[in-house]
Amino acid sequence: MDCLFCKIIAGEIPSTQVYSDEHAVVFKDIHPKAPVHLLIVPRKHIISLAELEEQHDGLIAHWMRLLPKIAKQQGLNHGFRTVINTGPAGGQIVFHLHIHLLGGDKLSGAGFDD
Ligand code: AMP
Ligand code: ZN
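So, here's what we can say about the structure. If you're wondering where the values come from, they're calculated on a predicted model, not measured in any experiment. (Residues numbered from 1 in each chain as written. Chains lettered and ligands numbered in written order. Predicted model: local features only at pLDDT ≥ 70, side-chain atom pairs only at ≥ 80, totals over all residues. Heavy atoms only, no water.)

1. Brief notes about the sheet that holds strand S2 (residues 24–28)
The strands making up a sheet associate through backbone hydrogen bonding, with each pair oriented either parallel or antiparallel.
And then number 1: Reading across from one edge, S1-S2-S3-S5-S4 is the order of the five strands in this open sheet, with antiparallel pairing throughout. The open sheet has two edge strands with one neighbour each: strand S1 (17–20) and strand S4 (81–83). For this sheet, the mean inter-axis angle between neighbouring strands, taken without regard to orientation, is 20°.
And then number 2: Where helix H2 (residues 57–73) meets the sheet, its contacts fall on S1, S2, strand S3 (36–42), S4 and strand S5 (99–103), and the angle it forms with S5 comes to roughly 25°. (Pairing = 2+ DSSP bridges. Helix = DSSP H or I, 4+ residues; strand = E, 2+ residues; numbered from the N terminus. Axes fitted to C-alpha atoms, helices over the stretch in contact; angles between N-to-C directions. Contact = heavy atoms within 4.5 Å.)

2. What about the site of ligand 1?
And then number 1: Around ligand 1, the structure places 16 residues, and the nearest of them are Asp29, Gly91, Ile93, His98 and His100.
And then number 2: Contact distances for ligand 1 include 2.5 Å between an oxygen atom and a side-chain N or O atom of Asp29.
And then number 3: The backbone of Ile93 places a nitrogen or oxygen atom 2.6 Å from an oxygen atom of ligand 1.
And then number 4: When the free accessible area of ligand 1 is taken as 510 Å², the share hidden by the protein chains comes to 87%.
And then number 5: Elements with a contribution of two residues or more to the shell around ligand 1: helix H1 (4–9) and S2.
And then number 6: Residue contributions to the shell around ligand 1 peak at three residues, all from H1. (Near = heavy atom within 4 Å. Polar contact = N/O pair within 3.5 Å; in protein donor to acceptor, adjacent residues only side chain to side chain. Areas by Shrake-Rupley, 256 points an atom, 1.4 Å probe, with all protein chains shown as cover.)

Note that every value here comes from positions in space, so none of it alone points to a role or purpose.
Given below as structure tokens:
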């Protein structure tokens, strides 16, 4: 399958991996937008949030509960940001579902604090 993240998961393309388990792989974003910028990537090839089905519910819970654990491991004790881009209009470039985990700076508010 011609999918960048599937190739990274298979070890065919190098990445800086920080965590791996049977359901997810976590590696550093190649173009970091914050001091910590990781991608939480399901091992299963799912294109985007728009393709999720009921059968994925257990996996989704696993990925969500993983986020604060990874954030803690990275020393993000005062908070972090998660972003999921969905589809071309949502800014998705790699069509294998992934959650961006950002932190390490005081990130600007998303318009809610002014
Ligand atoms: P998105 O716009 O949500 O699809 O984000 C895709 C992300 O993948 C971007 O932040 C890219 O910087 C990142 N990316 C692209 N190629 C690689 C790679 N080889 N290793 C790690 N991250 C990558
Ligand atoms: Zn894939």
